[in-house]
Amino acid sequence: MRVLVVEDEPKMAALLRRGIEGQGYAVDVAENGVDALWSASEIAYDVVVLDAMIPAPDGFQVCRTMREREIWTPVLMLTARDAIDDRVNGLDAGADDYLTKPFAFSELFARLRALGRRTPTTRPPVLSVGDLVLDPAQRSVHRGTTSIDLSPTEFALTEYLMRHAGQARSRAQIVENVWDFAFDVNSNVVDVYIRYLREKLDRPFNAETIVTIRGVGYMIRDAGAGEGASTGSV
């Protein structure tokens, strides 16, 4: 796997290079946004580790420009500030994941492995389940002509369920793929976010897209499909 590290602080860049190379990956380093965009455009990387606060253009703009140029390499955004706005801005710019400094290298490596397993080669396809449409590249969700505003976590959960439309997903599978290792599998976080999605995706439209599969977990399906899944509120 080949990784591009974008970091302007020399000591941190060297630390990241050594650590990632120690996992058997090839690593290139860019010190600013201009070099990062050139490297991402010219070389097929498996993952880009992108610091948010680099010399202009900053990491958010680099990520946004990559997506505008249809460069779909997975991006792991690094930020020194544990602020919701920074994480949201990164995800809205097209980043696939984020990590707040300081971080454990074990967590960095796990996130790199997860992103490397799903490396795209083309623009992510638009997903649709009935009249519910999700565009991963534009990070937009619509039901019919109505735009639906989702938080980053709600968007990730919706995308995961839509990629497995018609298939029951257990809570453990959802936690592993949406929250990665950040939450205990026994937490009720999945049930809470399923309730959030039903309030935004289904109830305003008198639809039943998200269904409960008793004893298993959840599934998303065409609201008009009429499948015999057992529904229920959480």
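Anything mentioned here points back to the structure above.
On a predicted model such as this, the values are computed, not experimentally measured, just so you know.

The subject of this paragraph is the nonpolar core. V141, L157, I174, W179, V190 and L201 are the most contacted members of the largest nonpolar core, which has 25 residues in total. If you list the elements that add at least two residues to this core, you get β6 (127–129), β7 (132–135), α6 (152–163), α7 (171–179), α8 (189–202) and β12 (217–220). It is α8 that provides the largest number of residues to this core, a total of 6 residues. With residues up to four places along the chain from it excluded, the contact list for L157 reads I174, V178, Y193, I194 and L197. Counting 20 residues, the second-largest nonpolar core is a separate cluster that includes V6, L50, F60 and I71.

Right, let's talk about the sheet that holds β6 for a bit. On the basis of which strands lie adjacent, the open sheet formed by 4 strands has the order β6-β7-β8-β9 and antiparallel pairing. For this open sheet the edge positions go to β6 and β9 (146–147), each flanked by a neighbour on one side alone. With respect to the sheet, α6 is in contact with β6, β7 and β8 (140–143), its orientation differing from that of β7 by roughly 110°.

It is worth spelling out the packing of α6 against α8 at this point. In helix packing, the relevant descriptors are the interaxial angle and the interaxial distance, both defined with respect to the helix axes. Where α6 meets α8, the axes come as close as 10 Å, and the angle between the chain directions of the two elements is 85°. The angle between α6 and α8 falls in the class roughly perpendicular. Residues T153, E154, L157, T158 and L161 of α6 pack against Y193, I194, Y196, L197, K200 and L201 of α8. In terms of residue class, the contact of α6 with α8 is built from 7 nonpolar, 2 polar and 2 charged.

This part covers the sheet that holds strand β10 (residues 169–170). In space, the 3 strands of this open sheet follow the order β10-β12-β11, with antiparallel pairing throughout. Of all the strands in the sheet, just β10 and β11 (210–213) have a single pairing partner and so form its edges. Across 2 bridges, the pairing between β10 and β12 is antiparallel. The residue bridging S170 from the neighbouring strand is G217, located in β12. On the sheet, α8 packs against β11 and β12 and is oriented at approximately 145° with respect to β11.

Taken as a whole and judged by the stated rule, the model has 13 salt bridges. The partner of K101 in a salt bridge is E7, and the shortest N-O contact between them spans 2.9 Å. Taken as a pair, K101 in the loop between β5 (97–100) and α5 (105–116) and E7 in the loop between β1 (2–6) and α1 (10–21) lie far apart in primary sequence, 94 residues in all. With relative accessibility at 2%, the residue E7 sits in the buried group. For R143, the salt bridge is made with D131, and the minimal N-O distance between the two is 2.6 Å. Residue R143 is located in strand β8, and its partner D131 is located in the loop between β6 and β7; the two are separated by 12 residues in the primary sequence. Residue classification places R143 among the buried positions, given a relative accessible area of 4%. Each of E7, D51 and K101 takes part in a single network of salt bridges with overlapping partners.

Cut-offs and rules
- Residues numbered from 1 in each chain as written.
- Predicted model: local features only at pLDDT ≥ 70, side-chain atom pairs only at ≥ 80, totals over all residues.
- Heavy atoms only, no water.
- Core = buried A, V, L, I, M, F, W, Y, C linked by side-chain atoms within 4.5 Å.
- Buried < 20%, exposed > 50% of the residue type's maximum accessible area, 1.4 Å probe, protein only.
- Helix = DSSP H or I, 4+ residues; strand = E, 2+ residues; numbered from the N terminus.
- Contact = heavy atoms within 4.5 Å.
- Pairing = 2+ DSSP bridges.
- Axes fitted to C-alpha atoms, helices over the stretch in contact; angles between N-to-C directions.
- Parallel < 35°, antiparallel > 145°, perpendicular 65-115°, else oblique.
- Nonpolar A, V, L, I, M, F, W, Y, C, P; charged D, E, K, R; others polar.
- Salt bridge = Lys/Arg side-chain N within 4 Å of Asp/Glu carboxyl O.

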